[in-house]
Amino acid sequence: MLAVLFGTALPSIPARAQTFQTAAVHAILIDAESGSVLFEKAADEPFSPASMAKLMTAEIVFRAIKEGRLSLDSEFTVTEDAWRRGGAGGGGSSMFAQVNSRIKLSDLLRGLIVQSGNDAAITIAENMAGTEEAFAGIMNQRAKEIGLTRSTFRNATGYSAPDQKVTARDMARIAQYLIDTYPEFYKIYSEREFTWNKIKQQNRNPLLTLDIGADGLKTGYLEESGYALTGSAVQNGQRLIMVVSGLKTARDRAAEARKLMEWGFRAFEPRQVFGANETVAEVSVFGGEKGSVPVVANKPVRLLLPRGSSDRVAAKVVYQGPIVAPVEQGREIARLRVTRGDSLALEQPLYAGESVAAGTLTQRAMDAALEVGTDLVRRAFEKAKGGSGSGTAGSGGTSAAGAASGNS
């Protein structure tokens with residue numbers, strides 16, 4: 001893993017930094033457009049998702065509809081298992097679906113999303129995969145594909161299971177994915193109520209009743225993990241996504257979520273770090289007609305900074321390298337990581353800004369000789385450091401540093 005450090009050219013903001021405190025055990029707040037992390041607290045520590053697991057359940061359905069494998073008019077049968085474990089007698093939230101009835105997928109989705117129906121979740125799982133266990137396997141596969149690196153699902157409902165765990169960061173990622181990928185279905189999360197079997201139920205998301213621009217997503221509660229919420233809101237064209245978990249009461253959940261959202265909209269200002277297709281850095285190329293290739297972002301790189309912040313901002317390009325030629329323009333070959341203080345504030349993919357063809361036989365031979373020589377020097381250096389009692393930066397890793405990191 002190679003890293004190139006460089007100055008970010010961010011302006012200095014000399015005033016005092018702002019801080020935020022929350023009673024939530026786990027929390028994260030991100031700016032949806034830029035991906036900037038505005039606040040985090042134990043964002044990578046696992047906890048039980050409760051009904052927030054239904055975000056992943058919904059993604060499986062949305063994808064099947066988008067790919068044409070299902071339609072909103074598809075009908076699913078409510079099994080006895082779904083009725084017994086997920087119905088009103090199960091002790092959790094329910095859409096009150098009748099056993100052996102057939103329900104259109106459009107209604108099941110509202111039962112799942114608006115009413116948080118466990119019977120809806122189990123019905124979907126068993127009709128799509130045969131068993132809820134098999135459906136959970138699909139959930140885990142999709143979670144990996146989407147980038148939920150620290151989450152494991154064991155059921156479609158969010159019922160307590162020993163190893164069913166998520167992180168606040170992963171919940172924010174699935175929320176972002178649903179918003180970006182399925183805008184036509186995401187609208188369901190903002191519906192205030194839904195009636196099924198002559199029983200009207202209100203959307204359980206407390207943010208929807210507040211005047212803060214909220215339009216989703218999902219609440220959760222288990223005794224073991226407390227009250228939780230993954231939410232999103234838009235003000236003046238800016239969307240924020242937040243996750244809180246570990247609150248003691250439903251009132252605390254609503255209050256902390258609102259406080260975090262309002263602080264996020266009020267306390268930050270944007271800074272553009274790089275423009276779209278502007279060269280961010282040069283990364284090494286092996287065996288090419290050129291020894292390096294510029295990397296660019298396909299959209300402007302913007303960072304949100306606290307108003308009056310004096311946090312140190314550093315940017316780093318990380319890639320597996322050297323990159324082997326040929327390199328096609330537009331290919332993702334690196335990632336930009338921007339830290340603010342000790343926190344990862346932004347991570348964004350970077351792409352080859354131009355094509356680099358394979359070099360001549362002589363050029364490839366020279367690159368190979370240089371790589372072998374560099375590796376020998378590196379090994380000798382690491383051995384010398386180890387002998388003097390100093391640790392290495394990482395197992396098998398190297399870093400190439402340019403200018404010092406920039407400060408804000």
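The rules behind these values
- The written sequence of each chain sets the order in which its residues are numbered from 1.
- For a predicted model such as this one, the threshold for reporting local features is a pLDDT of at least 70, and the threshold for listing and counting side-chain atom pairs is 80 or more; totals across whole chains, interfaces and linings nevertheless cover every residue.
- Just so you know, side-chain values use all the structure's heavy atoms and leave hydrogens and water out.
- Whether two strands pair depends on DSSP finding at least two bridges between them.
- Helix and strand definitions here come from DSSP, where helices need a minimum of 4 consecutive H or I residues and strands a minimum of 2 consecutive E residues; each element is numbered from the N-terminal end.
- The axes are straight lines fitted to the C-alpha atoms, using for helices just the contacting stretch, and the angles between their N-to-C directions are given from 0 to 180°.
- Only heavy atoms matter for contacts: two residues are in contact if any of them lie within 4.5 Å across the pair.
- Here the aromatic set is Phe, Tyr and Trp, taking the six-membered ring for Trp, and pairing holds for ring centres within 6.5 Å; pairs whose planes are under 30 degrees apart are stacked, those over 60 apart are edge-to-face, and all others are tilted.
- When accessible area is computed with a 1.4 Å probe and restricted to protein chains, residues below 20% of their type maximum are described as buried, those above 50% as exposed, and intermediate ones as partly exposed.
- Nonpolar cores are built from buried Ala, Val, Leu, Ile, Met, Phe, Trp, Tyr and Cys residues. Side-chain atoms within 4.5 Å join them into one set.
- The cut-offs work like this: below 35 degrees is roughly parallel, past 145 is roughly antiparallel, 65 to 115 is roughly perpendicular, and the gaps in between are oblique.
- Left-handed describes a crossing in which the near helix is turned anticlockwise from the far one by less than a right angle; the clockwise case is right-handed.
- Three classes are used, and their members are as follows: Ala, Val, Leu, Ile, Met, Phe, Trp, Tyr, Cys and Pro are nonpolar, Asp, Glu, Lys and Arg are charged, and the others, Gly among them, are polar.
- The term polar contact refers here to a pair of N or O atoms within 3.5 Å; inside protein, the definition further demands a hydrogen-donor-capable atom paired with an acceptor-capable atom, and it admits residues adjacent in sequence only when both atoms are side-chain atoms.
- Expected span of a helix: the number of residues minus one, times 1.5 Å.
- The predictor attaches a confidence to each residue, called pLDDT, with possible values from 0 through 100.

### Description of the sheet that holds strand β3 (residues 37–41)
Ordered by their spatial adjacency, five strands build an open sheet running β3-β2-β10-β9-β8, and the pairing between neighbours is antiparallel. Single-partner strands in this sheet number two, and they are β3 and β8 (214–222). Here the strands of the sheet are splayed against their neighbours by 5° on average, with no regard to which way each runs. Examined bridge by bridge, β8 and strand β9 (residues 226–235) share eight bridges and lie antiparallel to one another. By the bridge assignment, T219 is partnered in β9 with L229. Strand contacts of helix α8 (residues 250–267): β2 (26–31), β3, β8, β9 and β10 (238–247), with the helix running at about 150° to β10, the strand carrying the most contacts.

### Overview of the pairing of β3
With four bridges connecting them, β2 and β3 associate as antiparallel partners. Looking at β3, one finds that I28 is bridged to E40. In textbook terms, the turn of a hairpin is the stretch between consecutive antiparallel strands, and for β2 and β3 this stretch comprises five residues, one of which, G35, has a positive phi near 80°.

### Comments concerning the packing of aromatic side chains
Within the structure shown, the criterion is met by eleven aromatic pairs. Taken together, the ring pairs in this structure connect F20, F39, W263 and F268 into an aromatic cluster.

### Some thoughts on the environment of A358
Note on placement: A358 falls in the loop between β18 (343–352) and α9 (361–387). A relative accessible area of 43% means that A358 is categorised as partly exposed. For A358, the contacting residues outside a window of four places in its chain are G287, G288, E289, A325 and P326.

### Here we look at the nonpolar core
Judged by nonpolar contacts, the single largest core of 59 residues is most densely connected at M56, F62, F153 and Y189. Listing elements by their share of this core, those giving two or more residues are β2, α1 (54–66), α3 (105–113), α4 (118–129), α5 (132–146), α6 (168–181), α7 (183–186) and β10. Sorting elements by how many residues they give to this core places α1 first, with eight residues. Among residues more than four places away in sequence, those in contact with F153 are A53, M56, A136, M139, N140, A143, L148, Q164, V166 and M171. Within the second largest apolar cluster, 28 residues are counted, among which are I333, L346, L350 and A352.

### A look at the packing of α1 against α6
At a minimum axis separation of 11 Å, α1 and α6 run at an interaxial angle of 25°. Viewed along their axes, α1 and α6 adopt a mutual orientation that is roughly parallel. In this structure, the crossing between α1 and α6 has a hand that is left-handed. Mapping the contact onto sequence places L55, M56, E59, F62 and K66 in α1 and M171, I174, Y177, L178 and T181 in α6. Of the residues in the contact of α1 with α6, the class split is seven nonpolar, one polar and two charged.

### Notes on the side chain of Q164
Tracing the backbone shows Q164 in the loop between α5 and α6. For Q164, the side chain forms a polar contact with the main-chain oxygen of Y159, separated by 3.2 Å.

### Some thoughts on the environment of D31
Counting through the fold element by element, D31 comes out in strand β2. We classify D31 as buried; its relative accessible area is 4%. Expressed as a C-alpha distance, the spacing of D31 and M242, which sit 211 residues apart in the sequence, is 9.0 Å. Ignoring any residue separated from it by four or fewer positions in sequence, one finds D31 in contact with S36, L38, Q238, R239, L240 and L304. A distance of 2.6 Å separates the side chain of D31 from the side chain of S34, its partner in a polar contact.

### Quick word on α6
End to end, α6 covers 20 Å across 14 residues, agreeing with the expected 20 Å (1.5 Å per residue, within 8%). Residues of α6 that are buried include every one of A168, R169, D170, M171, A172, I174, A175, Q176, L178, I179 and T181, and no others.

### Section: the packing of α1 against α4
Across the interface, α1 lies against α4 with an axial gap of 11 Å and an inter-helix angle of 45°. With respect to α4, the axis of α1 lies oblique. Here α1 runs over α4; the crossing is left-handed. Only N118, A121, I124 and M128 of α4 make contact with α1, whose side of the interface consists of K54, T57, I60, V61 and A64. Here the residues of the contact of α1 with α4 are counted per class, giving six nonpolar, two polar and one charged.

### Things to note about the confidence of the model for the chain
Caution is warranted with low-pLDDT regions, since their predicted coordinates should not be read in detail. On average, residues of the chain score 86 in pLDDT, and 83% of them are at 70 or above. Of the regions scoring below 50 in pLDDT, residues 7–18 engages in 38 contacts with residues more than four places distant in sequence or in other chains. Below pLDDT 50 for its whole length, residues 388–408 participates in 46 contacts with residues either more than four positions away or in separate chains.

### A closer look at the side chain of S151
Relative to the assigned elements, S151 resides in the loop between α5 and α6. Of note is the side chain of S151, whose polar atom sits 2.8 Å from the side chain of D170. Leaving out residues up to four positions away in the same chain, S151 has contacts with N140, K165, V166, T167 and D170.

### Some thoughts on the pairing of strand β7 (residues 199–202)
Bridge count for strand β6 (residues 193–196) against β7 is four bridges, and the pairing is antiparallel. Considered in β7, the bridge of E193 is made with Q202. The turn linking β6 back onto β7 is made up of two residues, and N197 within it adopts a positive phi angle of 55°.

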